[in-house]
Every structure is written in C-alpha cells, then in structure tokens.
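# Examining the three-dimensional arrangement
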Amino acid sequence: MASQGKGYRGYVKDFVHFDAKKDADMLRKAMKGLGTDEDTVVKILACRSNAQRQDISAAFKKAYGRDLVDDLKSELTGKLENLMVALMKTPVCYDAHELRNAIKGAGTSENVLIEILASRTKDEIENIKKTYKKEFSTDLESAIMGDTSGHFQRMLVVLLQAARDQSPRADENLVEKDARALFDAGEKKWGTDEDLFINILGNRSVAHLRRVFDAYMKIAGFHIEESIERETTGHMEKLLLAVVKCVRNVPAYFAECLYKAMKGGGTDDATLTRIVVSRCEVDMLDIREEFRKNHGQSLYNMIQNDTSGDYRTALLLLCGGKED
C-alpha cells in the first residue's frame, strides 16, 4: 500500500475508527439471507484502504469460515461485482490478474498491456513479474511473447526488464544526441527505425527523456508525439505514445484514459474500474486535478453523469468528493 504520510496523493486512506471484526459482521449481515444490502457493502469496502480490506477478509473467514470474495461474487452482479472483487485484491495481485485476463483466451487486450506496463514504476513491474509467476506458474514475459509480435512485442519486453535508468538527472552529454537520433530515425528517413525508439524510450531515465523531448521540439519544430503518430501505427503507436505521456506526467495520462473511457456513446467500464481501483491510493488527487485542467470538467461530474446505481456510488467514493 502507498505510504499515507506527508506527500500522499491518493484519495482513499486508512479509515480512522477501523474495526475489522465489526466490518466483517456488517458485511455478513448485508449478504446473508434473501437479498443483498449493496449500500452497506459499498460504503464499507470503498471507504477502507486496501490493507484494511485484507484485514476484513481475514476477520470474515475467522468469524464465519467463509471466503469474503466468494460471497461478493455470489451476492453481487455485473459492474458492481467486478468493482468490489477488484478492491479486494492487493494492488500487485490486481495488476497481475488484469494482465493475465488481457493475455489469455482468444485475442489479446493490448490496451491493458499498454496501460499497465507503460505506467508502472521499476519496483512495481518487478513485483508484478514475481506475483504473476506465483499466481499462474508461468513467466509474464513468456506469456506476453506468446501472444504479441513485432516491434510492439519488443517494446513490451524492454519495459518488462524494468531496467530504466533511475537517475534523477539527465545525462547532458546525451540529451542532444538522443533527440537528434530520434529525429533522424523517424522524420528524417524513409521508414522508421523502431529499434532506436524502443532503446531510448524504454531505457533512459524519466528526467533525461523530459530533456530529450524538449530538445526534440527545438530540432523538429513539433512534439515527439506528433512524429510517433505520423511514423508508427496500431498498437506500437499507442504503446510509444503511452510511454511518452507517462514520462511527461503519469496522472495526466490516466486522466486522459479516464476521459476516453467515458466520452461519447457508451462507457468502457473495464478501464474505468481498473484505473479507479489501481490509482485511488496512489495519485487520484493529481489525476483529478489533471482531469479538470485538460478536459474542462471534473472527474466527479463525468462519472456521475456516465454511470448509475451502487456502481456509481462506489466509484465516486473512490475518486473523491464533488469538486465544483
């Protein structure tokens, strides 16, 4: 769980007067017998931190000899069931399961691979790989290689190495050289040298790449995102853009993903649920700020207008109060 000390930018925090046994008892009462009190389930699970939910799960099993997640699956349905079950997984286990679901079966959900692997930190990716191996008895890298191909596969594998330079400073001797190399590999030649994009964007430090992007703008006269959009296509284009956006500003990237999940006709509830669950204890306050700044409305209002029922209530509790 994210530290909740000074500088904590998640919205969901430890519930102050927490009593795991009391919460377990209330959840059992809400779900036993005919009908389910969804309101109670939501107001407990969406208002506790992930660590507290694990304690509730243990207390539930100790008191009743029942698995809380199994009961949630039995008593809830649809989007609310998916959201509540997601909240019960630890963050790293949730990421591993989302990746597994994206890979297994017919077709691959490339957007999930892109979103998770482009945005997670070095330590988070290392922990995801360990958890994936433990949960599914196979390497995440092998699973991804078996289900993807080409430069898209290669970039994913580079990100999975979790080998990005962690230096807080740019290598000034390389900034101009990298910017020029990226320009020459894309805009200046017939065809694109994807391997060079993969190597630089996948391995240089965040601080260094931010300086490279500034230098690229001076050389080319436009942002590197514009070159990527012109020079690449499909999943590779989406992956490179996601990496660049996360280097620039991770909360802004997630704000954009949330906006796209809700704009227009229909809602991408899988993406909405995944981002709210995975970021509510990490950087939700920053995501809210970026959402309002970049998309002309509050995240709260868009969720309120785009969802309904107990599912909406839970999402709003996880993403924070009304901002207007």
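Residues numbered from 1 in each chain as written. Predicted model: local features only at pLDDT ≥ 70, side-chain atom pairs only at ≥ 80, totals over all residues. Heavy atoms only, no water.

### Remarks on the overall build of the chain
- Looking only at helices and strands, the chain features 20 helices and 0 strands.
- When its C-alpha atoms are laid out on the principal axes, the chain stretches across 70 × 50 × 40 Å.
- Every one of the 324 residues in the chain was classed for burial, and the buried ones make up 49%.
- Residue pairs in contact within the chain that sit at least 24 positions apart in sequence constitute 71% of those at least 6 positions apart.
- Carbon and sulfur atoms make up 47% of the accessible area of the chain, which totals about 15400 Å².
- Counting 49 positive and 52 negative side-chain charges, the chain places the centres of these two groups 3 Å from one another. (Helix = DSSP H or I, 4+ residues; strand = E, 2+ residues; numbered from the N terminus. Buried < 20%, exposed > 50% of the residue type's maximum accessible area, 1.4 Å probe, protein only. Contact = heavy atoms within 4.5 Å. Areas by Shrake-Rupley, 256 points an atom, 1.4 Å probe, with all protein chains shown as cover. Lys, Arg positive; Asp, Glu negative; His and termini not counted. Charge placed at Lys NZ, Arg CZ, Asp CG, Glu CD.)

### Structural notes on the nonpolar core
- Counting 101 residues, the largest nonpolar core has Leu-27, Val-41, Leu-72, Met-84, Met-155, Leu-201 and Leu-258 as the members making the most contacts within it.
- In this view, Leu-258 contacts Leu-272, Ile-275, Val-276, Ile-287, Phe-291 and Leu-299; residues no more than four positions away in its chain are not counted. (Core = buried A, V, L, I, M, F, W, Y, C linked by side-chain atoms within 4.5 Å.)

### Concerning helix α12 (residues 194-203)
- Those residues of α12 that fall on the buried side of the exposure criterion are Glu-194, Phe-197, Ile-198, Ile-200, Leu-201 and Gly-202.
- On the buried face of α12, the contacting elements are α10 (150-160), α11 (172-185), α13 (206-220), α14 (224-231) and α15 (234-248).

### Points about the environment of Glu-231
- Locating Glu-231 in the fold gives a position in helix α14.
- Classification of Glu-231 by relative accessible area gives partly exposed; the value is 23%.

### Quick notes on the packing of helix α2 (residues 38-45) against helix α5 (residues 78-88)
- Where α2 contacts α5, the two axes come as close as 11 Å, and the packing angle between them is 35 degrees. When you trace α2 past α5, the crossing you get is left-handed. Judged by residue contacts, Glu-38, Val-41, Val-42 and Leu-45 of α2 engage Leu-80, Met-84, Leu-87 and Met-88 from α5.
- Broken down by class, the residue content of the contact of α2 with α5 amounts to 7 nonpolar, no polar and 1 charged. (Axes fitted to C-alpha atoms, helices over the stretch in contact; angles between N-to-C directions. Left-handed = near helix turned anticlockwise from the far one by under 90°. Nonpolar A, V, L, I, M, F, W, Y, C, P; charged D, E, K, R; others polar.)

### Description of the packing of aromatic side chains
- Tallying each qualifying case throughout the model produces 5 aromatic pairs.
- Ring centres 6.1 Å apart and planes at 70 degrees place the aromatic pair Phe-183 and Tyr-216 in the edge-to-face group. On the criterion of sequence distance, the pair formed by Phe-183 in helix α11 and Tyr-216 in helix α13 is long-range, its members being 33 residues apart.
- Its relative accessible area of 15% is what places Phe-183 among the buried residues.
- Over the face of the ring belonging to Phe-15 we find Arg-48, whose NZ or CZ atom lies 3.8 Å from the ring centre.
- Against the face of Phe-222 rests Arg-230, its NZ or CZ located 4.5 Å from the ring centre. (Phe/Tyr/Trp six-rings, centres within 6.5 Å; stacked < 30°, edge-to-face > 60°. Lys NZ or Arg CZ within 6 Å of the ring centre and 35° of its normal.)

### Some points on the pattern of salt bridges
- One pass over the structure, following the stated rule, counts 21 salt bridges.
- Notably, a salt bridge pairs Asp-25 with Lys-21, separated by 2.8 Å at the nearest N-O pair. Within this pair, Asp-25 and its partner Lys-21 are both found in helix α1 (residues 20-31), separated by 4 residues, close to a single helical turn.
- Overall, the relative accessible area of 43% leaves Lys-21 in the partly exposed class.
- The partner of Glu-256 in a salt bridge is Lys-245, and the shortest N-O contact between them spans 3.0 Å. Here Glu-256 is found in helix α16 (residues 250-262), whereas its partner Lys-245 is found in helix α15, with 11 residues between them in sequence. (Salt bridge = Lys/Arg side-chain N within 4 Å of Asp/Glu carboxyl O.)

### Some words on helix α19 (residues 299-306)
- Three or more residues of α19 are buried, namely Leu-299, Tyr-300, Asn-301, Met-302 and Ile-303.
- Along its buried surface, α19 packs onto α16, α17 (269-279), α18 (284-295) and α20 (309-319).

### Side note on unusual backbone geometry
- Phi at Ser-137 takes a positive value of approximately 55 degrees, unusual for a residue other than glycine.
- For Ser-137, a relative accessible area of 63% translates into the label exposed.
- Phi at Ala-162 takes a positive value of approximately 50 degrees, unusual for a residue other than glycine.
- Position of Ala-162 among the secondary structure elements: in the loop between α10 and α11.
- Since its relative accessible area comes to 6%, Ala-162 is described here as buried.

### Structural notes on the side chain of Thr-271
- One can find Thr-271 in helix α17.
- Note on Thr-271: relative accessible area 12%, which makes it buried.
- Thr-271 has contacts with Glu-115, Cys-257 and Ala-261, leaving out every residue within four places of it along the chain.

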